[in-house]
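Architecture at a glance
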There are 2 protein chains.
Amino acid sequence: MFSQQYLQMLQKKDVIFEIFGYASKRRREIGEENVFDFSLGNPSVPAPEAVREALTGIPEQTDPLTLHSYSPAGGIPQVREAIAQDLNARYGASYTAGNIFMTCGAAAALAHAIRAVASPGETVLTFAPCFSEYEAYVAGCGCLLEVVPADTETFEINFPMLEEMLSPGVAAVLFNSPNNPSGVVCSTRTIRALADLLKKKSALFGHPIWLISDEPYRDIVFEGTDSPYIANEYENTITCYSFSKSLSLPGERIGYAAVNPKADQAGLVMELFTQISRTTGHNGAPALLQRVAAKTCSLTADLSVYETNCRLLCSALSSFGYEFVRPGGTFYMFPKSPLPDAKAFCRLAMEHDLMLVPGDGFGVPGHFRIAYCVPTEKVERALPVFERLIRT
Amino acid sequence: MFSQQYLQMLQKKDVIFEIFGYASKRRREIGEENVFDFSLGNPSVPAPEAVREALTGIPEQTDPLTLHSYSPAGGIPQVREAIAQDLNARYGASYTAGNIFMTCGAAAALAHAIRAVASPGETVLTFAPCFSEYEAYVAGCGCLLEVVPADTETFEINFPMLEEMLSPGVAAVLFNSPNNPSGVVCSTRTIRALADLLKKKSALFGHPIWLISDEPYRDIVFEGTDSPYIANEYENTITCYSFSKSLSLPGERIGYAAVNPKADQAGLVMELFTQISRTTGHNGAPALLQRVAAKTCSLTADLSVYETNCRLLCSALSSFGYEFVRPGGTFYMFPKSPLPDAKAFCRLAMEHDLMLVPGDGFGVPGHFRIAYCVPTEKVERALPVFERLIRT
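What counts as what
In this convention, every chain numbers its residues from 1, walking through the sequence in written order. Key to labels: chains lettered from A, ligands numbered from 1, both in the order written. Whole-chain, interface and lining totals are the exception, using all residues; otherwise, since this is a predicted model, local features are given only for residues with pLDDT of at least 70 and side-chain atom pairs are given and counted only at 80 or more. Here a residue counts as buried when 20 or more other C-beta atoms sit within 10 Å of its C-beta, as exposed when there are 12 or fewer, and as partly exposed otherwise, the C-beta atoms being derived from the backbone. By definition, any uninterrupted DSSP run of H or I lasting at least four residues is a helix, any uninterrupted run of E lasting at least two residues is a strand, and each is numbered from the N terminus. Here, strands pair whenever DSSP counts at least two bridges between them. In this usage, the nonpolar core is the set of buried Ala, Val, Leu, Ile, Met, Phe, Trp, Tyr and Cys residues whose C-beta atoms join them within 7 Å. Contact criterion: two residues are in contact if their C-beta atoms, reconstructed from the backbone, are within 7 Å. In the scheme used here, Gly and all other residues not listed as nonpolar or charged are polar, with Ala, Val, Leu, Ile, Met, Phe, Trp, Tyr, Cys and Pro taken as nonpolar and Asp, Glu, Lys and Arg as charged. The fit set for superposing copies consists of C-alpha atoms from residues with pLDDT of at least 70 in both; the fit itself is least squares. Lines fitted to the C-alpha atoms define the axes, with helices restricted to the stretch that makes contact. Angles between their N-to-C directions range from 0 to 180 degrees. Angles below 35 degrees are treated as roughly parallel, those above 145 as roughly antiparallel, those between 65 and 115 as roughly perpendicular, and all remaining angles as oblique. Note: crossing handedness is left-handed where the near helix turns anticlockwise from the far helix by less than a right angle, and right-handed where it turns clockwise. What fixes the domain bounds is an automatic or database domain assignment. The span expected for a helix works out to 1.5 Å for each residue beyond the first.

This part covers the pairing of strand S8 (residues 255-259) of chain B. All names here are of chain B. The buried count for S8 comes to five of five residues, which makes it a mostly enclosed element. The alternating pattern of S8 places Gly255, Ala257 and Val259 on one face and Tyr256 and Ala258 on the opposite face, and all of these are buried. Pairing between strand S2 (residues 100-103) and S8: four bridges, direction antiparallel. The partner of Met102 across the bridge, within S8, is Tyr256. Both strand S7 (residues 237-242) and S8 contribute to a ladder of five bridges, which runs antiparallel.

Right, let's talk about the nonpolar core for a bit. Counting residues in each nonpolar core, the largest one holds 261 residues, and the members touching the most others are Ile114, Ile212 and Tyr372 of chain A together with Ile114 and Ile212 of chain B. Those residues in contact with Ile212 of chain B that lie beyond four places of it in its chain are Leu110, Ala113, Ile114, Ala172, Val173, Leu174, Phe175, Ile238 and Cys240 of chain B.

Another aspect to go through is the interface of chain B and chain A. Facing 62 residues of chain B, the contacting portion of chain A comprises 62 residues. Among the secondary structure elements, those contributing two or more residues to the side of chain B that touches chain A are helix H1 (4-11), helix H3 (49-61), helix H4 (64-67), helix H6 (105-117), helix H7 (134-140), helix H10 (266-280) and helix H11 (287-296) of chain B. Here the residues of the side of chain B that touches chain A sort into 33 nonpolar, 20 polar and nine charged.

Attention shifts here to the relation of the copies chain B and chain A. Once chain B has been moved 0.0 Å along the axis and rotated by 180 degrees, it coincides with chain A to within an RMSD of 0.0 Å. Such a combination of turn and shift is consistent with a two-fold rotation axis. No C-alpha of chain B approaches the rotation axis more nearly than that of Thr56 of chain B, which lies at 2.2 Å.

With that out of the way, let us pick up the environment of Ile83 of chain A. All names here are of chain A. Along the polypeptide, Ile83 turns up in helix H5 (residues 77-91). Between the alpha carbons of Ile83 and Ala97 there is a distance of 7.7 Å; along the sequence they are 14 residues apart. The contacts of Ile83, once residues within four sequence positions are left out, are Ile100, Tyr256, Ala294 and Cys297.

It is worth spelling out the sheet that holds strand S12 (residues 368-371) of chain B at this point. All names here are of chain B. Taken in spatial order, the three strands make up an open sheet running S9-S12-S11, and their pairing is antiparallel. A single partner strand is all that each edge strand has here, and the edge strands are strand S9 (332-333) and strand S11 (357-358). With two bridges joining them, S11 and S12 adopt antiparallel strand pairing. Bridged to Val357 within S12 is Arg369.

Ordered by their spatial adjacency, three strands build an open sheet running S9-S12-S11 (chain A), and the pairing between neighbours is antiparallel. Two strands bound the open sheet, and with one partner strand each, they are strand S9 (332-333) and strand S11 (357-358) of chain A.

Our focus in this paragraph is the packing of helix H3 (residues 49-61) of chain A against helix H11 (residues 287-296) of chain A. Residue and element names in this part refer to chain A. Where H3 meets H11, the axes come as close as 9 Å, and the angle between the chain directions of the two elements is 135 degrees. Taken together, the axis directions place H3 and H11 in an arrangement best described as oblique. The element H3 and its partner H11 pack so that their crossing is right-handed. Across from Ala50, Val51, Ala54, Leu55 and Ile58 in H3, the residues of H11 making contact are Leu288, Arg291, Val292, Lys295 and Thr296. Looking at the contact of H3 with H11, its residues break down into seven nonpolar, one polar and two charged.

Turning our attention to unusual backbone geometry. All names here are of chain A. A cis amide bond links Ala128 with the next residue in sequence, Pro129, at an omega value of -5 degrees. Within the secondary structure, Pro129 is located in the loop between strand S3 (123-127) and helix H7 (134-140). Notably, Ser248 is not glycine yet its phi reads approximately 55 degrees, a positive angle. Tracing the sequence through the fold places Ser248 in the loop between strand S7 (237-242) and strand S8 (255-259).

On to the domain arrangement of chain A. Residue and element names in this part refer to chain A. You can read the domains of chain A as domain 1 (4-47 + 302-391) and domain 2 (50-296). Using C-alpha coordinates to define each centre, domain 1 is positioned 26 Å away from domain 2. Listed per partner, the contact involves 26 residues of domain 1 and 33 residues of domain 2. Elements represented by at least two residues in the side of domain 1 that touches domain 2 include exactly helix H12 (304-320) and S9. The leading source of residues in the side of domain 1 that touches domain 2 is H12, at three residues. Tallied by class, residues from the side of domain 1 that touches domain 2 come to 16 nonpolar, eight polar and two charged.

It is worth spelling out helix H6 (residues 105-117) of chain A at this point. Since the α-helix packs 3.6 residues into each turn, any two residues three or four apart lie on the same face. Between its terminal C-alpha atoms H6 of chain A stretches 19 Å, which fits the 18 Å expected from 13 residues at 1.5 Å a residue. The buried count for H6 of chain A comes to 13 of 13 residues, which makes it a mostly enclosed element.

Residues and elements named next belong to chain B. Extensive coverage of S7 is indicated by the burial of six of its six residues. Of the two faces of S7, the one carrying Thr237, Thr239 and Tyr241 and the one carrying Ile238, Cys240 and Ser242 are both buried. For strand S6 (residues 210-214) and S7, the ladder comprises four bridges, and the chain directions are parallel. Each residue of the ladder has a partner; that of Ser213, found in S7, is Thr239.

What follows is the structure in structure tokens.
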């Protein structure tokens, strides 16, 4: 009587997990410092000191009954207010506490957003390359994920294909900029073109097409990159955020879904979120971490190492002959594989203790992902391996 | 295109929420001390000092990158091991880390357990009176909840009705002892009779009937009460636990699902849990709270006030003429309503600023729930109100 849905998911081997296992084995064999692990998106810089101060200070300063008591499903009102104000100050938005729903990370925010605006059987569109977990997230809502093929020249949006695939059955577009795995940040011009197309099609189909904007990398944008706040460009936007990357807190699962106050029936969407929580076992984000987020939401960890690593890699890999689109943010890049089969290339890299992830799982075979959230000295020591790999 | 499922849930008014709103209003009007709020199951005793020490000590003593890094879906191995060892020491069980899946509270544990062993369309049985959220939990899995009518004499198990309702389509039995809302703790004899019946029916139907044991109140059991560890009595048991009540941490959403190592394909169930997490947005319990749980899982808050309050209420309410089954644990009791309509009775109580919850939402109309997780002096001051209510 085990559910077929989950049994079938077990059949699909997770490549990242396989690489992770091999990297762990090699760490034990040859030492941490000799394994060039560029496979995981785990931040390499510590959380800001203010996080530690909040974590230790809040329990010292707060009555434990108040501190640990149930929070409303959507979060503690003052926390939601603090986050709304921070978004308004940064982006000139007009959120109130009532537009912010605190969640256990971006994954939970996406689980709420998709369930709220897409009914079972409807389609959610996304763009290659995309985070490999999107398929599981969308399937879990009973919806169908369709992936718009990549524009491999820019890794922005393949508009002709998007226009072709935008059918009346599309309830939402799941969008991720700054992008995992390409590191590309879509420009204001691209976002506006997307918004125009969605508005046109919404009018044509007689129902809104929602933009679910997955933004865990929003605060990792490199100098000179044009990075608009997406909800400012399209009203029917639900912004899904996590503090995992900006505050280096991936294990603490703290984030939120922000419903644009200008969206169609924004208040109803928030009410649906509360109901959705009841059905998925998500009974609110942990109270302590909510309070920490409220105190630190305007800060980031020192994210500069990612830009340093990006420059170093772009310059070296380009000189070795790798082809790639230069990232505008994140801690990823997504070069073309020197071998036609990126899996074979990544296997070859593994033999040199360099861990990379083939692009197949991100919907773009023939490319591979480098997660450069590692110390810069490790990037430097890995460069000769990258060079050797393209020359063999 | 909003999902009908959640829109329909919105139609059903939540009585507890309504009472909560009224109680908040009255608090502002007449002061906290004059509102006798027995409506919510929010612990009234602080978390043990060891929780505060762990919360402040762990961030001081741990490298932030290690502290806040991603944990595996099922939890940090050492945390899972600590919880397994604690269960083994308490109950003579034989859990290993591989049987423990850390979750964001008992709700998430239940969401995993039901999805793992019941396929959409199958039936989950539970027993009246039961926690009102079970319907949402089970519906969220695409399954049907059927409620075995209460044995109102004992509030243990109505075996004739259970036997009649155990059909081949029943995948799991969702069980809650110590029970919310009755406070009743099922005896070893009752649990063994349940286990025998489930074994017999499993053999007859040719598939296991799983016992999903919801145990957030396991550690609140009063003197002299026989309270067996349920998984020791039935092999195909998944135990869902939360530290909300035992450690007074309801807002921190930390708990686990423990799969009995003797269960059918126990390892596969754990693997399914990982897949289920991917589809519900539950990407693991927060790392810091996992570490706190590992350090404090053998402790409890000072829970003695609940037993004091229970004795006081039982003695007084009995002398006033209320009829009820004496609780063996929890911080609830579930008397018969002096008026045939418990909603009318609770509305009357509200007019005296005494907040109670009618039994209708728990599947037993004509009864009402008292949540006596309040200071003892408040119980004492509320007794005259209870007396007045039954005499009018």
